[in-house]
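Fold and geometry: a report
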Amino acid sequence: GSISPAAANYVTGVGSFRSRYVQRVWAADLRGELGKTWAGPISIATGVETRQESIRGLSDPASIARRFRLGNTQPISGDESVAEGFLETVIPVIKGLPWAQTTDLNAAVRYTDYRLAGPATTWKLGLTHDFNDQIRIRTTRSRDIRAPKLNELFQPSSAGSGSLIDRFTNTQPRVVTLTTGNINLVPEKADTITAGFVLRPSFLPGLQASVDYYN
């Protein structure tokens, strides 16, 4: 009760932000068999896809004027388009041996072209080996990417709050941080190796357990 209603109205308020995200996708794929090995048919899948993505967002007048100490989410507008094609295959290598019920080689490659983020090629090469109905081992080597999202590309600056360690004064002051998008972002890349095994013990019908290692 020590401040006037006008003063209370000046230091309080409600910020709002409403956005609409639209994605349009066109895709076509083809699946079938491409010949055989002595261990079985060679399966293939190929296809193409295009995506158009857009985001539009509106903020309240107080946020646009940056009246709040934190937040102040600004209007956002942007779009990105993507075109890509892929090819995948599973090739049987071994079948029906005492130590190998089945052994399959699987491979895939995908080329992706982002209008803003640029091109990227991803691929994988893997092997699965079934000793019998109870034990399977598997391993995969792959090149993976993560492309920037629309808000990471187009987000206007917004304010947040965080703390830092000041080693000269041995204090942790809170500071205002600004976060903004960057249309110069490119896909992040990762080289990944996975390996693991699957158990389906006959003495426990219905149980399946798996363990995988990732690097």
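Our subject is the structure that appears above.
For the structure given in this document, a descriptive report is provided here. Being a predicted model, the structure only gives us computed values, none of them experimental.

Okay, the overall build of the protein chain next. On a plain count of helices and strands, the protein chain comes out with three helices and 10 strands. Reading the secondary structure of the protein chain in the N-to-C direction produces α-β-β-α-β-β-β-β-α-β-β-β-β. In terms of C-alpha radius of gyration, the protein chain reaches 27 Å, well past the compact-globule figure of 17 Å for 215 residues. Classification of the 215 residues of the protein chain by burial places 26% in the buried group. Considering only intrachain contacts with a sequence separation of at least 6, the fraction spanning at least 24 residues in the protein chain is 57%. Summing over all exposed atoms, the protein chain offers an accessible surface of approximately 14,600 Å²; the carbon and sulfur share of this is 57%.

Below, the discussion takes up the nonpolar core. Counting residues in each nonpolar core, the largest one holds five residues, listed as I55, I76, L150, L153 and F154. Of all the elements, helix 3 (residues 150–154) adds the most residues to this core, at three residues. Sequence-distant contacts of L150, that is, excluding residues within four places in its chain, are made with Y21, E53, S54, I55, D79, E80 and Q155.

What counts, and where the lines are drawn
- Residues numbered from 1 in each chain as written.
- Predicted model: local features only at pLDDT ≥ 70, side-chain atom pairs only at ≥ 80, totals over all residues.
- Heavy atoms only, no water.
- Helix = DSSP H or I, 4+ residues; strand = E, 2+ residues; numbered from the N terminus.
- Rg over C-alpha atoms; globule rule 2.2 N^0.38 Å.
- Buried < 20%, exposed > 50% of the residue type's maximum accessible area, 1.4 Å probe, protein only.
- Contact = heavy atoms within 4.5 Å.
- Areas by Shrake-Rupley, 256 points an atom, 1.4 Å probe, with all protein chains shown as cover.
- Core = buried A, V, L, I, M, F, W, Y, C linked by side-chain atoms within 4.5 Å.

By themselves, these observations are geometric and do not establish any function.
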